[in-house]
Amino acid sequence: MRYLITGGAGFIGSHLANTLVRRGHAVRILDDLSSGEREHLDAAVSFHRGDVRDLPKIWSLLQNVDCVFHLAARVSVSESILFPRDYNDVNVGGTVSLMEAMRVIGVKRVVLASSATIYGEQPRQPVHEEMTPNPLAPYAVSKIAAEHYLFTLGRLYGIETVALRIFNAYGPGQTISPSHPPVIPHFLHQILGQGSVVIHGDGNQTRDFVYVDDVVEALITASNAKWVNRQIINIGSGEETSINKLVEVMETIIGKKANVLYNDQQSGGIPRLVADLGRARRLLGYLPKTTLVEGIRETTTGTPRFR
Ligand SMILES: NC(=O)c1ccc[n+]([C@@H]2O[C@H](COP(=O)([O-])OP(=O)(O)OC[C@H]3O[C@@H](n4cnc5c(N)ncnc54)[C@H](O)[C@@H]3O)[C@@H](O)[C@H]2O)c1
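Treat the numbers as computed from the prediction; the structure is a model and nothing was measured.

A. Local environment of the overall build of the protein. Of regular secondary structure, the protein possesses 10 helices and 15 strands. Expected size for 307 residues packed as a compact globule is a radius of gyration near 19 Å; at 19 Å, the protein falls within 12% of this value. Put simply, the protein has 307 residues, and 52% of those count as buried. A fraction of 79% describes how many contacts in the protein between residues 6 or more apart in sequence connect residues 24 or more apart. For the protein, the exposed surface amounts to about 13800 Å²; the carbon and sulfur share of it is 50%. Of the side-chain charges in the protein, 31 are positive and 30 negative, and the distance between the mean point of each set is 5 Å.

Now the structure itself:
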């Protein structure tokens, strides 16, 4: 198959691109390198620098493509509170531009990397796709709007569409940005280095950490599965892990006790979040393969990326 990956130089996108070319597929990437990096891409990947809102650029890259993975986005919840217009422009505007371009060129299917942040705080866990969204930040709003544009324009233009709501993805090569570091690479780096970690809140808040290889398998399956048109599908591990437990797992793997400091002035975010994977299992045959221990071990052996 021939694929275009928007945002393909990023953390998930580069794992996806490298896996696809290893399996013999042709892969083009459109990425503005605002957070992604070219260096991690296999030489067989065809890289093009540019903005996902640049219509002539997307037209040229969509020629002869069978399916698009739409991953290009601004991705920080905290940053989105400071720059909501930017998040709306890129995450919503980028999705609309891509759909317009796909209509012109006539590409069959697009898979959107949506987000579990759409759920916000819910009365029950695990969360399933029929629950009413409760977005708590502009980033989450932008992902809901992107889903709506995807499905509405897909129906109007005859494009098959599917949105995967990805939970907390982690794995080797995830960038540690200074303003909004993802918890797993950040804590690993801290424990391996000077040994202290600062936990916001009491550390009992839970999340669903999903290894990047499992996310990549789900994306690839969604690109050619039947019965997924206009579906929202959760992609997580299905396991609920507290931040305290996460630190314990890291300590065991690294073989070093962390100096854990609690900052109760800063909220730890929503108290619980874990994915119901029933729909993913039914529609994609999805079964996450990597346990947290295996995944953290793999991540620990990778070189951290900084921005
Ligand atoms: N990592 C997670 O835990 C997670 C969870 C849920 C959803 N997602 C979604 O998955 C996708 C990939 O996330 P990631 O973790 O790999 O983040 P990332 O920041 O590593 O990747 C995003 C990529 O998009 C590119 N990009 C940003 N704006 C662009 C623009 N205007 N034009 C072209 N390229 C642009 C960046 O340079 C980067 O390479 C995003 O859509 C994100 O919202 C990620």
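B. Inspection of the packing of aromatic side chains at higher detail. Overall, the coordinates contain 4 aromatic pairs when judged by the stated rule. Positioned above the aromatic ring of Y119 is the side chain of R165, whose terminal nitrogen or guanidinium carbon lies 5.0 Å from the ring centre.

C. Structural detail: the pairing of strand β2 (residues 26-31). Pairing between strand β1 (residues 2-6) and β2: 5 bridges, direction parallel. Its bridge partner being in β2, Y3 is matched across the sheet by V27. With helix α1 (residues 11-22) bridging β1 and the parallel β2, this β-α-β connection has right-handed handedness. When β2 meets strand β3 (residues 46-49), the two strands line up parallel, connected through 4 bridges. Pairing of I29 across the sheet is with F47, part of β3.

D. Structural detail: helix α8 (residues 243-254). Compared with the 16 Å implied by 1.5 Å per residue over 12 residues, the 16 Å span of α8 between its first and last C-alpha is a close match. Among the residues making up α8, those that are buried are I243, N244, L246, V247, V249, M250 and E251. The elements touched by buried residues of α8 are α6 (183-192), β9 (196-200), β11 (209-211), β13 (241-242), β14 (259-263) and α10 (292-301). Downstream of α8 by a residue or two, G255 has a phi angle that is positive, lying close to 75 degrees.

E. Looking closely at the layout of surface pockets. The space that makes up the second largest pocket amounts to roughly 210 Å³. If you trace the second largest pocket, you find it lined by F209, S237, G238, E239, T241, L277, R281, P288, K289, T290, T291 and L292. A per-class count over the lining of the second largest pocket returns 4 nonpolar, 5 polar and 3 charged.

F. Representation of the site of the ligand within the structure. The environment of the ligand is made up of 29 residues, and the closest members are F11, D31, S35, L71 and Y139. The contact in question runs from an oxygen atom of the ligand to an N or O atom on the backbone of G10, over 3.1 Å. Contact between the ligand and K143: an oxygen atom at 2.9 Å from a side-chain N or O atom of the residue. Expressed as a share of its isolated accessible area of 820 Å², the protein-covered part of the ligand is 93%. Elements represented by at least two residues in the shell around the ligand include exactly α1, β5 (109-115), α5 (138-157) and β7 (168-170). Looking at the shell around the ligand, the element that brings in the most residues is β5, giving 3 residues. Of the residues belonging to the shell around the ligand, the class tally is 15 nonpolar, 9 polar and 5 charged.

Scoring rules and cut-offs
Residues numbered from 1 in each chain as written. Predicted model: local features only at pLDDT ≥ 70, side-chain atom pairs only at ≥ 80, totals over all residues. Heavy atoms only, no water. Helix = DSSP H or I, 4+ residues; strand = E, 2+ residues; numbered from the N terminus. Rg over C-alpha atoms; globule rule 2.2 N^0.38 Å. Buried < 20%, exposed > 50% of the residue type's maximum accessible area, 1.4 Å probe, protein only. Contact = heavy atoms within 4.5 Å. Areas by Shrake-Rupley, 256 points an atom, 1.4 Å probe, with all protein chains shown as cover. Lys, Arg positive; Asp, Glu negative; His and termini not counted. Charge placed at Lys NZ, Arg CZ, Asp CG, Glu CD. Phe/Tyr/Trp six-rings, centres within 6.5 Å; stacked < 30°, edge-to-face > 60°. Lys NZ or Arg CZ within 6 Å of the ring centre and 35° of its normal. Pairing = 2+ DSSP bridges. Right-handed = clockwise from strand over helix to strand, strands pointing away. Expected span 1.5 Å × (residues − 1). 1 Å grid on protein atoms, 1.4 Å probe; cavity = no way out; pocket = protein on both sides within 12 Å on 5 of 7 lines; lining within 4 Å. Points joined across faces, edges and corners; volume = space filled by probe spheres on them. Nonpolar A, V, L, I, M, F, W, Y, C, P; charged D, E, K, R; others polar. Near = heavy atom within 4 Å. Polar contact = N/O pair within 3.5 Å; in protein donor to acceptor, adjacent residues only side chain to side chain.

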